Amino acid sequence: MAQINSESTVLRPSSTVHRRIVALAGGVGGAKFAHGLAQILPPEDLTVIVNTGDDFEHYGLYICPDLDTVCYTLAGLANPETGWGRVDETWNVIENASKLGGPDWFRLGDRDLGTHLERTRRLKEGQTLSQITKDFCKAWGVEQTILPMSDQPVRTIVETEAGDLAFQEYFVHRRCEPRVKGFRFEGVDLAEPAPGAREALQAADAVILCPSNPWVSIDPILRVIKKVKKPVVAISPILGGQTVKGPAAKMFRELGFKPSALAVANHYCDLISGFVLDKIDEQLKGDIGINMSTMVTNTLMKDLNDRSRLAQDVLHFIEAEL
Ligand code: GDP
């Protein structure tokens, strides 16, 4: 595959696709795909804007689950089994706190706790989340730009039949059991995109919606950044009607949609011009909007090779179609 322009015939062979990309990401699915992009793009060409609607305070600490998952993954520090938290983790602090009667429904590892302690200390000093994230990335050797979606707090509230629940209360404590009726993002109207986000979007050749939960990972970011004037491509987090992990399919169902890659494409239809779906869903390709280019490929990322290959496929798709 190659790019063709009016001045010369062939510009670039497939192995050297260089595009400035902004990726919007939640936690596990977003981090895996962003990691794939990071294997291929020069670091200065990749900015990842991460959902912070899941952030919350616990034990007096400020915790950013999605931001930490993306940072740990790009730093090579993530736990490969869970997809969240740190590799080679120990659990002494939370086990001790639990023995003393403290809550243990949100697992906080000893290494991970260092991140939350230092972030909380700096926030209390008045530093911004984006500055702290930049410093942490430098310390971890992450060369790509990772931005929280905003320095102002935005809180995802899950409206359920059991009442309104703060996101981690729904997701971790209640294990996504209550039936979902809707979502709201408290603070979103006052939240500004983090410093650098607008500039990165302005400079980008394309924006990629990672295979993250559309309702609670990507939508909050889109609500904060408001307008995207660049070509946008989305990768389906739903394969064969199911998620790889997490409640996105259950959310689609409870909100009245049959969960599928088609439902994801429809969810984003006003925004995207390209959609990537898994081979298992090839038969849905013809039903996906006529104004949208589609690519069918293997989107399941089981290892690092899968992440890089999918990222390469998506970059070629952008090069060829958008
Ligand atoms: P969370 O904030 O930790 O829930 O993470 P995300 O929102 O980023 O990711 C959750 C979504 O990622 C789920 O809907 C999963 O189906 C999707 N996901 C996880 N791994 C993969 C994968 O390997 N391929 C694809 N296509 N989707 C994935």
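About the thresholds
Residues numbered from 1 in each chain as written. Predicted model: local features only at pLDDT ≥ 70, side-chain atom pairs only at ≥ 80, totals over all residues. Heavy atoms only, no water. Helix = DSSP H or I, 4+ residues; strand = E, 2+ residues; numbered from the N terminus. Rg over C-alpha atoms; globule rule 2.2 N^0.38 Å. Buried < 20%, exposed > 50% of the residue type's maximum accessible area, 1.4 Å probe, protein only. Near = heavy atom within 4 Å. Polar contact = N/O pair within 3.5 Å; in protein donor to acceptor, adjacent residues only side chain to side chain. Areas by Shrake-Rupley, 256 points an atom, 1.4 Å probe, with all protein chains shown as cover. Phe/Tyr/Trp six-rings, centres within 6.5 Å; stacked < 30°, edge-to-face > 60°. Lys NZ or Arg CZ within 6 Å of the ring centre and 35° of its normal. 1 Å grid on protein atoms, 1.4 Å probe; cavity = no way out; pocket = protein on both sides within 12 Å on 5 of 7 lines; lining within 4 Å. Points joined across faces, edges and corners; volume = space filled by probe spheres on them. Nonpolar A, V, L, I, M, F, W, Y, C, P; charged D, E, K, R; others polar. Pairing = 2+ DSSP bridges. Axes fitted to C-alpha atoms, helices over the stretch in contact; angles between N-to-C directions. Contact = heavy atoms within 4.5 Å.

A. Just the overall build of the protein chain, in detail. If you tally the helices and strands in the protein chain, you get eleven helices and 14 strands. Over its C-alpha trace the protein chain gives a radius of gyration of 19 Å, about what one expects of a compact globule, namely 20 Å for 322 residues. Taking the principal axes of the C-alpha coordinates as reference, the protein chain spans close to 70 × 45 × 35 Å. Of all 322 residues assigned to the protein chain, the portion counted as buried reaches 54%.

B. Broad picture of the site of the ligand. In the neighbourhood of the ligand, 22 residues make up the surrounding shell, with Ser212, Ser217, Pro237, Thr299 and Met301 lying closest. At a separation of 3.1 Å, an oxygen atom of the ligand approaches a polar side-chain atom of Asp66. Contact distances for the ligand include 2.6 Å between an oxygen atom and a side-chain N or O atom of Ser212. Its free accessible area being 590 Å², the ligand has 95% of it covered by the protein chains. The element best represented in the shell around the ligand is helix H1 (residues 28–40), accounting for four residues.

C. Looking closely at the packing of aromatic side chains. On inspection of all chains with the given rule, the structure shows eleven aromatic pairs. Taken together, a centroid distance of 6.2 Å and an interplanar angle of 35° make the contact between Phe56 and Trp105 tilted. Of the two residues, Phe56 is situated in strand E3 (residues 56–58) and Trp105 in the loop between helix H3 (92–99) and helix H4 (110–125); the sequence distance between them amounts to 49 residues. Residue classification places Phe56 among the buried residues on the basis of a relative accessible area of 13%. Taking relative accessible area as the criterion, Trp105 reaches 24% and is therefore assigned partly exposed. Centroid distance Phe167 to Tyr170: 6.4 Å. Interplanar angle 50°. Geometry classified as tilted. With Phe167 and Tyr170 both in helix H6 (residues 167–173) and three residues apart, the pair spans about one turn of that helix. Assigned by exposure class, Phe167 and Tyr170 land together as buried. Within the aromatic cluster, the residues linked to one another by ring pairs are Phe183, Trp215, Phe252 and Phe257. Above the ring of Tyr72, the side-chain terminus of Arg86 is found at 5.0 Å from the ring centroid. One residue, Arg107, lies across the ring of Trp91, its end atom 4.7 Å from the ring centre.

D. Structural view of the layout of surface pockets. In this structure, the second largest pocket occupies an estimated 280 Å³ of space. When contributions to the lining of the second largest pocket are tallied by element, the ones reaching two or more residues are helix H5 (129–140) and strand E5 (145–148). Ranked by residues supplied to the lining of the second largest pocket, first place goes to H5 with five residues. Looking at the lining of the second largest pocket, its residues break down into five nonpolar, five polar and three charged.

E. Structural view of the sheet that holds strand E6 (residues 155–160). Sheet architecture is open: three strands sit in the order E7-E6-E8, paired in antiparallel fashion. Looking at strand neighbours, the two that pair on one side only are strand E7 (163–166) and strand E8 (180–186), the edges of this open sheet. The mean inter-strand angle of the sheet, taken between neighbouring strand axes irrespective of direction, is 25°. As paired strands, E6 and E7 are joined by four bridges and run antiparallel to one another. By the bridge assignment for E7, Glu159 is matched with Asp164. Along the sheet face, helix H8 (residues 214–225) touches E6 and E8 and points at about 35° away from the line of E8.

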